[in-house]
Structures are given as structure tokens and as C-alpha cells.
Amino acid sequence: MVFARFVVILFGVSILTACVAPSQGRPVVSNDQRETQRPRYDNPPPKQTYTPSRNQPDPALEKEVADLWRSFPGKTGIAIKSIDGGWSIGHRADQNFPQQSVSKLWVAMTLLDKVDQGRVSLSDAIQIGPDDLTLFYQPMAAEVKREGSVVKSVYTLLERALAYSDNTANDALLRHAGGPDAVNDFIRRQRLGKIKFGPGERLMQSKIAGLKWNQSLSQGRKFYTARANLPLETRRKALADYLADPIDGASPGAIVGALDQLARGELLSENSTQLLQSILKRTRSGPKRLKAGVPAGWEFLHKTGTGQILGAVSTGYNDVGIMTAPDGSRYAVAVMLGDTTASVPERMRLMQSVTRAVGRYHRR
């Protein structure tokens, strides 16, 4: 009787074991696992969205910049480069645009390169007299007129040329650096790409206007009077020739590439790099251009350029610089207007919109 009961119990346990044992080759799947593997048609997966990457721009940023570029009248060039992420976007980024005073950057770099080589000192004294004056914006001319001549250090002239965009200060630095050939040689040696430096402010601006330079044009309003007395067709042809092949031409892409190298310390020594960037942070020209769109809390260093105007057409209206976010991320930006009939406020709004967009899509 006991034996029979034991057989019955053993038989029952065998049947239960067979029921719960896994089938050959199939894993055990719990009810919870089955639930997670079952498609949930009542709650579809969310739509895929863009995930920010350091190595590529946000497509929404690309579209916004493209729309800004497309809608602006005239020949416009825009380039943006993520210095730390490596990506870049641009429109007409490989075409040449008039630089105007943006080219002061290359004079400063050429001179600081000579400082790094021990061939020039920041304390070198440079004398500036009436024969050294140039045209357009040159606050130093008032000092020369008052005192007959002035003596300034290289450091002071760098501050005047970059932060204040004084043309006479820049031409003095250009002479001390070895002239236009030395600047173009620096550009070639550093492989900066599509960037040219012209013959200096006096020769370049007089040629753009259709005039032949003589030193008397640096006095008072004589340049403006001589230019106004030219036949209109002469001025149009001279300006058209300049815009077709700017003697100081550079591409927005090459400029942001050079700013990238500057920020990385690849063009100058650490001391010279820091000096140049500190001066560019104090730039006073163009406060309502790129700078006005840079988000609060960001650092910004830049250099502007402004060309001549004929009728309703403005030329060489530029701003280029480096934006630095609070987390240290950096972006090189260049907006260059070769020629445009847009008003000054419209030009400023375009530039502000570009830097504002960069800030808005940063680590969005």
C-alpha cells in the first residue's frame, strides 16, 4: 500500500516536471519578458529626433543659415566652423570677397610672427609724420596734425589698428613688418588658403575710387572731394573691376579656417596668440554686427571691415570672429557682403541672426 502510494507520487512529480521543463533548444521566457517583447500598438514609439553631435552641425542650424543667406540681397558669403567639433557650414564660402579692414588681421599676425622670431619687439618705437597719414578712419591723424609727428610702440599701434581700426596705425605696422610682400609670404607659409593682402590702404582705396594716389589726398577731405569730382562712369568701372577680382580678396571659408588655427595656437606662440586675442576682444568697431547676436555670457573677439559706397551699393561690409560658449566650445564665424543694396540696419540684422543661431543651436 505504501509502495503503491510512493509510485503514484513519483509519477505525478515526473508529469509536472515535464510540463515546466524547457523544450529542446528554446529558452525559458517569463510572463514579464513576453510582455516587454510584445508590440505595443496602442503606444507607438516616439518619432526619431536629431541628437546633437560634436562632429556635425544641427540640420536645423544649416537650414536657418541657408535661409538667411538665400533671402539677403547682393553677393553674400557666410562660413561657420566649430573649432572643437570640426564641422563647418557655408554659402559662397570658397569665393573671394573684399576684406577691407579684416585684412588688418594678417598684418598683425605677420608682425607678431616676427616678434616670435626675435626680429621685432613690441616695444619698438615707430615715428609717424604727415607723410605717413592715409585716409578714411585714422584718429591718429589728429595727433600728427597737432604735434607734427608722434612716436608709438608696436604694442600701441596694434591696439589702435585692431581695436580701433585706425588705418594710419595699420600702415605703420605694415611698413615695420616688411610691407605687403611680407604679409603675403606669411599667408603662404602658414597655408591659409584663399587670402590675399593688397598694396596697403592708400594705394588700394585710391584705385577702388578710380584715383591715382598722391600724399595730399590724406589731408582733411581732399580725397572725398577728388573722388566726387570724377566722372560717374570712371568710378563705376573702377569699383566693378575691384569687385570682380578684389586685390585684397579672401574667402569666408579660408578666414574661419585661419581663425580656427589661431584659436588652436597653430599660427603664433602662446604669448602672441593670447595678446592678439585679448586685443580683438576689445574691438570697438561694429558693435551691432556679429557681436550683437552673441548670447549673454559668451566671449567674442572679432574684426570688422567696411568698403566704399557708390550710389545705393555698399561694398566690403564684413565681420569675422570667434565665439566662445560658457562651456569653452568655440566657433569661428565670418559674414562678408561683397556688394549689397540692403540698408545698414538690414546688414546688421543678418549678422546678428547668424551668431544668434549659432548660440541657439549650441548643444541644443
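Here we take up the nonpolar core. Here is a general trend for soluble globular proteins: nonpolar side chains tend to be buried in one another's company. One finds Trp106, Ile195, Ile255 and Leu276 to be the most contacted residues of the largest nonpolar core, which totals 57 residues. Among the nonpolar cores identified, the runner-up in size contains 26 residues, and Ala325, Leu350, Ala357 and Tyr361 belong to it.

Below, the discussion takes up the pattern of salt bridges. Considering all chains together, one arrives at 16 salt bridges under this definition. Here lysine 63 ties to aspartate 67 by a salt bridge, and the two come within 2.9 Å at their closest N and O atoms. Placement of both lysine 63 and aspartate 67 in helix H3 (residues 59–71) is noted, with a separation of four residues, approximately one turn of the helix. According to the relative accessible area criterion, aspartate 67 is partly exposed, its value standing at 31%. Lysine 152 serves as the salt-bridge partner of glutamate 143, at 3.0 Å between the closest nitrogen and oxygen. The class for glutamate 143 is buried, based on a relative accessible area of 14%.

So, on to the environment of glutamine 352. Structurally, the position occupied by glutamine 352 is in helix H14 (residues 344–361). Judged by relative accessible area, glutamine 352 falls into the buried class, the value being 14%. Separated by 58 residues in the primary sequence, glutamine 352 and valine 294 have C-alpha atoms spaced 7.3 Å apart. Not counting the four nearest positions on each side in its chain, glutamine 352 is found in contact with Lys288, Arg289, Ala292 and Gly293.

Mapping asparagine 170 onto the fold places it in helix H7 (residues 167–177). Classification of asparagine 170 as buried rests on a relative accessible area of 4%. In the structure, asparagine 170 is positioned 32 residues away from glutamine 138 in sequence and 9.4 Å away in space, judged by C-alpha atoms. Residues contacting asparagine 170, with those up to four places away along its chain left out, are Lys104, Val107 and Ala161.

Once that is clear, we can look at the packing of aromatic side chains. The way to describe two aromatic rings as a pair is by their centre distance and the angle between their planes. For the structure shown, the criterion picks out five aromatic pairs. One aromatic cluster is present, built from ring pairs that chain together Trp87, Trp298 and Tyr331. Above the plane of the ring of tyrosine 224 lies arginine 221, whose end atom (NZ or CZ) is 4.0 Å from the centre.

Attention now goes to the environment of leucine 262. Examined against the element boundaries, leucine 262 turns out to sit in helix H12 (residues 252–263). Along the chain, leucine 262 and glutamine 274 lie twelve residues apart, while their C-alpha atoms are 9.6 Å from each other. Residues in contact with leucine 262, not counting those within four places in the same chain, are Met109, Leu267, Leu268, Thr273, Leu276 and Gln277.

Turning our eyes to something else, we now look at the packing of helix H4 (residues 104–116) against H7. Viewed as axis vectors pointing N to C, H4 and H7 meet at an angle of 40 degrees, and their least axial separation amounts to 9 Å. The pairing of H4 with H7 is recorded here as oblique in orientation. Where H4 crosses over H7, the handedness of that crossing is left-handed. For the pair formed by H4 and H7, the contact residues are Lys104, Val107, Thr110, Leu111 and Lys114 on the first element and Asn167, Asn170, Leu173, Leu174, His176 and Ala177 on the second. Across the contact of H4 with H7, the residue classes tally to five nonpolar, four polar and two charged.

The end-to-end C-alpha distance of H3 is 18 Å, a good match for the 18 Å that 13 residues give at a rise of 1.5 Å each. The set of residues buried in H3 consists of Leu61, Val65, Ala66 and Leu68. Down the axis of H3, the sector holding all buried residues measures 160 degrees, keeping them to one side. Structural note: H3 exposes Lys63, Arg70 and Ser71 on the side pointing more than 90 degrees away from its buried face. Packed against the buried residues of H3 are strand E1 (75–82), strand E2 (88–91) and H14. For H3, the capping residue at the N-terminal end is aspartate 58, with a side-chain oxygen 2.8 Å from the backbone nitrogen of alanine 60.

Quick notes on the rules
Residues numbered from 1 in each chain as written. Predicted model: local features only at pLDDT ≥ 70, side-chain atom pairs only at ≥ 80, totals over all residues. Heavy atoms only, no water. Core = buried A, V, L, I, M, F, W, Y, C linked by side-chain atoms within 4.5 Å. Buried < 20%, exposed > 50% of the residue type's maximum accessible area, 1.4 Å probe, protein only. Salt bridge = Lys/Arg side-chain N within 4 Å of Asp/Glu carboxyl O. Helix = DSSP H or I, 4+ residues; strand = E, 2+ residues; numbered from the N terminus. Contact = heavy atoms within 4.5 Å. Phe/Tyr/Trp six-rings, centres within 6.5 Å; stacked < 30°, edge-to-face > 60°. Lys NZ or Arg CZ within 6 Å of the ring centre and 35° of its normal. Axes fitted to C-alpha atoms, helices over the stretch in contact; angles between N-to-C directions. Parallel < 35°, antiparallel > 145°, perpendicular 65-115°, else oblique. Left-handed = near helix turned anticlockwise from the far one by under 90°. Nonpolar A, V, L, I, M, F, W, Y, C, P; charged D, E, K, R; others polar. Expected span 1.5 Å × (residues − 1). Arc of directions from axis to C-beta. Polar contact = N/O pair within 3.5 Å; in protein donor to acceptor, adjacent residues only side chain to side chain.

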